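Remarks on the overall topology
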Amino acid sequence: MIETISSIFSFISGKYESNPHWDHWPFGPGYGDFWASVTKMLFVAVILGVIMIFLRVLYGPNGKFRDPDLDREAAEMREQALAKLEEDLKSGKISEVDYKFKKKRIML
């Protein structure tokens, strides 16, 4: 019985010692087989994606911690840019095509 338990322990420790591509997972140098490297990159991408979505929800437009003055200032700047664009179109400084493209850029 004791030999069986010790053989199981040596089998498990031997498995972990002979499998070097999991030593520094997920931030190791990328050695190991192809799928181990791919899963490392996907893991890091998922973590960064979750962080980006979390910050976008909290601090993005209409976010819980976003300062309302930022939205107000952005709306004022957009209105000023559109007014200047209208003025440039009426005075003939820009063409109708330029007006449409610049207006789309401002409205984003």
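All of these numbers come straight from a predicted model, not from anything done at the bench. Counting starts from 1 at the beginning of each chain's written sequence and moves along it residue by residue. Given that this is a predicted model, residues contribute local features only at a pLDDT of at least 70 and side-chain atom pairs are listed and counted only at 80 or more, while totals for whole chains, interfaces and linings are drawn from all residues. Processing note: side-chain calculations cover all non-hydrogen atoms of the structure and skip hydrogens and water entirely.

A surface patch of nonpolar side chains, amounting to about 780 Å² of accessible area, comprises Phe43, Ile47, Leu48, Ile51, Phe54, Leu55, Tyr59 and Phe65. The helix count covers DSSP runs of H or I at least four residues long, the strand count covers runs of E at least two residues long, and both are numbered beginning at the N terminus. For Ile51, the location among the structural elements is in helix α2 (residues 34-59). Here's how the labels work: a residue is buried when its accessible area is under 20% of the maximum for its type, exposed when over 50%, partly exposed in between, all with a 1.4 Å probe on protein chains only. Classification of Ile51 as partly exposed rests on a relative accessible area of 43%. Patch membership is restricted to residues that have no salt bridge and whose relative accessible area is over 30%. Joining uses 9 Å for like charges and 5 Å for the nonpolar side chains Val, Leu, Ile, Met, Phe, Trp and Tyr. For every accessible area listed, the method is Shrake-Rupley and the probe measures 1.4 Å; residues are considered covered only by the protein chains on display. The term salt bridge refers to a side-chain nitrogen of Lys or Arg lying within 4 Å of a carboxyl oxygen of Asp or Glu.

Once that is clear, we can look at the pattern of salt bridges. In this structure the tally under the stated criterion is four salt bridges. Arg66 serves as the salt-bridge partner of Asp71, at 2.8 Å between the closest nitrogen and oxygen. According to the relative accessible area criterion, Asp71 is partly exposed, its value standing at 30%. Within the structure, one salt-bridge network assembled from shared partners comprises Asp69, Arg72 and Glu76.

This next bit is on α2. One less than the residue count of a helix, multiplied by 1.5 Å, gives the span that helix is expected to have. With 26 residues, α2 ought to run about 38 Å at 1.5 Å a step, and its terminal C-alpha atoms sit 37 Å apart, in line with that. Of the positions making up α2, those classed as buried are Ala36, Ser37, Val38, Lys40 and Leu58.

Turning to the side chain of Asp88, a few remarks are in order. Along the polypeptide, Asp88 turns up in helix α3 (residues 68-91). Take Asp88: its relative accessible area is 12%, and that puts it in the buried class. Contacts are assigned to residue pairs with any non-hydrogen atoms lying within 4.5 Å of each other. If we ignore the near neighbours within four places in the chain, the residues touching Asp88 are Lys93 and Ile94.

With 70% of its residues at a pLDDT of 70 or more, the chain has an overall mean of 80. Helix α1 (residues 2-17) is the least confidently modelled element of the chain, averaging 61 in pLDDT, while helix α4 (residues 96-107) averages 91, the highest of any element. On a range of 0 to 100, pLDDT expresses the predictor's confidence in each residue.

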